[in-house]
Amino acid sequence: MTNTPQPPTLLDAPVRFTLLAILGVVGFAFGVVGLLETQANNHSPSSLLNAIYHALQLFLFDSPFFEQPVPWALQLGRFLCGLTTIAAVISVVLTMLSTSLRGVLWRLWGGHTLIIGPGRLASAVAKHAQKNGKRVILATHQAGANQWRSEVGPRLPMLVGKMDSSAFLKRCKASRAARILIVGDDDAGNLAAAAALDTFHPSREQERKVLVSNAETRASLDAGSSFLKNIEVVSFDLEERGARKFFHDHPLDFLPLPKQTFGKQANGAFLIILGWGSFAENLLLQAGRIGHFASGKKTRVLLVATQAPEEFQAILQRWPAINQVLEVTCVESSTGSPDLRKLLAAEFAKSAKQALPVTVAVCEGEQITDRLGAALWVQGLIQQPCTHIRVIPNLGFCVELGELVATDAFQKDHANLRAFVGPILEETLDLELSDSVDGLAKGLHEQYMLSRGRTRLVDTDELFRPAEKPWRNLEEAYRAASRALADHLPVKLRAIGCAVVKSKEGSGKEAIELSHEELEMLAQLEHQRWSAERLLTGWTFAPKRNDQLMHHNLLVSWEELSEADRYLDRDVVKGASKALAPLGYRIVRNP
């Protein structure tokens, strides 16, 4: 959905008071002119100050008594000033009652956005929707009402009741809303409210979404074929979104590569993660999903933390195949230690000889200033100017500090330092709950559906796969697979000297036509990425595919694939440009 701001109405205090100010100024001006004219008609001394004083009295319904006919300007001024006073009193009353009045009128009119909470996520969605001019009504239970009101402010109408009650949803006029978002912090509460809402039949076209933050909960819903029939279940993980944004903003293969054939380029990429935590874990997993380059080699990862071996063992328990897709080394240390200084200096010198791109993701420290300090320490270990090392501290959501790091003055003394600012919660959630996020992933999934349809025309015995569902009904595991495919597309294109640009930016460049060699490289890269993504999600090789047991017969090298199976990867690559076009992007060759 597009965020088209709603036009202002008379219910908005700024509009009311602006109109009152204009009305008052016009009435006052006519009053002054009329009083000066009266003084002239009475042959009394003309005094501007006296006229201004009596014009101000007009707002209090008080004006001098005149025996002769009153000038029209003064007559008009008296009425306008009196009308301004009456309207001001009414406006003050409306301001005091506007929140409740908004709620009543919006529910009567319909077309509002109903946000069911409470919590940090719900507050973020409400504020962003309000900023974009949506008519927002909040619904919550008694226990969370006061806290939520303090977070969102006094201007949004709020209804309090039992959120999983049909009677309460009727009171909210749920059937007349244009958009209903159930985005509380408690998954169980969200699903209970969604179950009650699912029984309502809307009186208009309506968007209904319920947010589930816990991955295990979403997986259990997928496994049980979600009981919600008329509501879309949306997953959201801010740290996972942040890791995807990190590699989008700062790709691991940032050095320009010569034209190559698959497996012939000696170098890949090297990722160093300083510190541990949820964000660092997501960086490691995202590197496993998309860190696959034309070298054909695994991406090297150096994990540095005070308890790095223990943390990595915990990762292996949840993601046993991580060592199959990445080459991970653990070092038990912390920023500033002599041993780490020596280790990093040696790694930087080694990478310089190999022309290997090195990305240092600094996640150590609870505070942003701690991470920036650690990044400056790493910058100090780089002995001479170089372009193959990037040091990137996680600056959280501090946009201002990110802009400071990007300034020329800062970069002059810290040329290897870059800043990463995570996705802003309000904007990310608004995208997640609209149709604009994951546009490329959805487009690629549509191309997959078309490809499967073409296959079935040739082979009528071909079975339907679990991923052959519309995006709305697609299990989260297969959505994640499409996102990984979309995230890896720029990596593939850089391997052949191409990039994705907006159509207007690329209007002066020829649309590309892939050569046979380029198509083969992209297809091999796609098979490598797909194999890693399958392994990470728990699939294993078996001679015969079995989706229930997560066995797949194509988890083999490119050389072992049949020509028909290679065609599947080629088809995915060809479908990328078709998926980009409706989004306003195109693929062009780099200069």
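Okay, so let's go over this structure. From a predicted model like this one, the values you see are computed outputs, not experimental measurements.

What to know about the overall build of the protein chain
Working step 1: Scanning the protein chain from terminus to terminus reveals 21 helices and 15 strands.
Working step 2: Counting all 591 residues of the protein chain, 50% fall into the buried class.
Working step 3: Nonlocal contacts in the protein chain, meaning residues at least 24 apart in sequence, comprise 72% of its contacts between residues at least 6 apart.
Working step 4: Summing over all exposed atoms, the protein chain offers an accessible surface of approximately 29,100 Å²; the carbon and sulfur share of this is 59%.

A few points about a nonpolar patch on the surface
Working step 1: On the surface, a cluster of nonpolar side chains totalling about 250 Å² of accessible area is made up of L19, I22 and V26.
Working step 2: Note that L19 resides in helix α1 (residues 13–41).
Working step 3: Judged by its relative accessible area of 45%, L19 is partly exposed.

Re helix α4 (residues 120–131)
Working step 1: Look at α4: 17 Å from first C-alpha to last across twelve residues, which is about the 16 Å you get at 1.5 Å a residue.
Working step 2: Two residues or fewer after α4 comes G133, characterised by a positive phi angle close to 80°.

Looking at the environment of L191
Working step 1: Residue position: L191 is located in helix α7 (residues 187–197).
Working step 2: What L191 contacts, discounting residues up to four positions off in sequence, is V210, V212, T217, L221, F227 and L228.

A few points about the packing of helix α20 (residues 516–536) against helix α21 (residues 563–580)
To describe two helices that pack against each other, one gives the angle between their axes and the distance between the axes.
Working step 1: Contact geometry of α20 with α21 gives a least axis separation of 8 Å together with a crossing angle of 105°. One finds that α20 runs roughly perpendicular with respect to α21. Where α20 abuts α21, its residues L519, E520, L522, A523, E526 and H527 lie against D569, R570, V572, V573 and K574.
Working step 2: The residue makeup of the contact of α20 with α21, split by class, is five nonpolar, one polar and five charged.

Details of the sheet that holds strand β3 (residues 158–160)
Hydrogen bonds between backbone groups are what pair the strands of a sheet, and the pairing can be parallel or antiparallel.
Working step 1: Across the sheet, which stays open at both edges, the six strands sit in the order β3-β2-β1-β4-β5-β6 with parallel pairing between neighbours. Edge positions in the sheet fall to β3 and β6 (232–235), since each has one partner strand and no second. Geometrically, the sheet is characterised by an average inter-axis angle of 20° between neighbouring strands, direction not taken into account.
Working step 2: In terms of strand pairing, strand β4 (residues 179–182) meets strand β5 (residues 207–212) through four bridges, oriented parallel. Pairing of R179 across the sheet is with E207, part of β5.
Working step 3: The strands touched by α4 are β1 (113–116), β2 (136–140), β4 and β5; relative to β2, the strand with the most contacts, the crossing angle is about 165°.
Working step 4: The strands touched by helix α5 (residues 142–152) are β1, β2 and β3; relative to β2, the strand with the most contacts, the crossing angle is about 145°.

Brief notes about the nonpolar core
Working step 1: The biggest cluster of nonpolar side chains holds 67 residues, and the ones touching the most others in it are I273, L283, L284 and I322.
Working step 2: With nine residues, α20 is the largest single contributor of residues to this core.
Working step 3: Residues in contact with L283, not counting those within four places in the same chain, are A243, F246, F247, I273, A361 and C363.
Working step 4: Ranked by size, the runner-up nonpolar core spans 28 residues in total, among them L340, V360, V405 and F410.

Overview of helix α9 (residues 238–249)
Working step 1: Under the 1.5 Å per step criterion, the end-to-end length of α9 is 16 Å for twelve residues, consistent within 8% with the ideal 16 Å.
Working step 2: For α9, the full list of buried residues reads L238, E240, R241, G242, A243, R244, F246 and F247.
Working step 3: The backbone nitrogen of E239 lies 3.1 Å from a side-chain oxygen of the residue at the head of α9, namely D237.

Thoughts on the pairing of β6
Working step 1: Side chains E232 and V234 project from β6 onto one buried face, and the interleaved V233 and S235 project onto a second face that is buried too.
Working step 2: In the sheet, β5 pairs with β6 via four bridges, with the strands oriented parallel. Across the sheet, the residue bridging to L211 is V234, located in β6.

So, how was this worked out
- Residues numbered from 1 in each chain as written.
- Predicted model: local features only at pLDDT ≥ 70, side-chain atom pairs only at ≥ 80, totals over all residues.
- Heavy atoms only, no water.
- Helix = DSSP H or I, 4+ residues; strand = E, 2+ residues; numbered from the N terminus.
- Buried < 20%, exposed > 50% of the residue type's maximum accessible area, 1.4 Å probe, protein only.
- Contact = heavy atoms within 4.5 Å.
- Areas by Shrake-Rupley, 256 points an atom, 1.4 Å probe, with all protein chains shown as cover.
- Patch = residues over 30% accessible without salt bridge, like charges linked within 9 Å, V, L, I, M, F, W, Y side chains within 5 Å.
- Salt bridge = Lys/Arg side-chain N within 4 Å of Asp/Glu carboxyl O.
- Expected span 1.5 Å × (residues − 1).
- Axes fitted to C-alpha atoms, helices over the stretch in contact; angles between N-to-C directions.
- Parallel < 35°, antiparallel > 145°, perpendicular 65-115°, else oblique.
- Nonpolar A, V, L, I, M, F, W, Y, C, P; charged D, E, K, R; others polar.
- Pairing = 2+ DSSP bridges.
- Core = buried A, V, L, I, M, F, W, Y, C linked by side-chain atoms within 4.5 Å.
- Polar contact = N/O pair within 3.5 Å; in protein donor to acceptor, adjacent residues only side chain to side chain.

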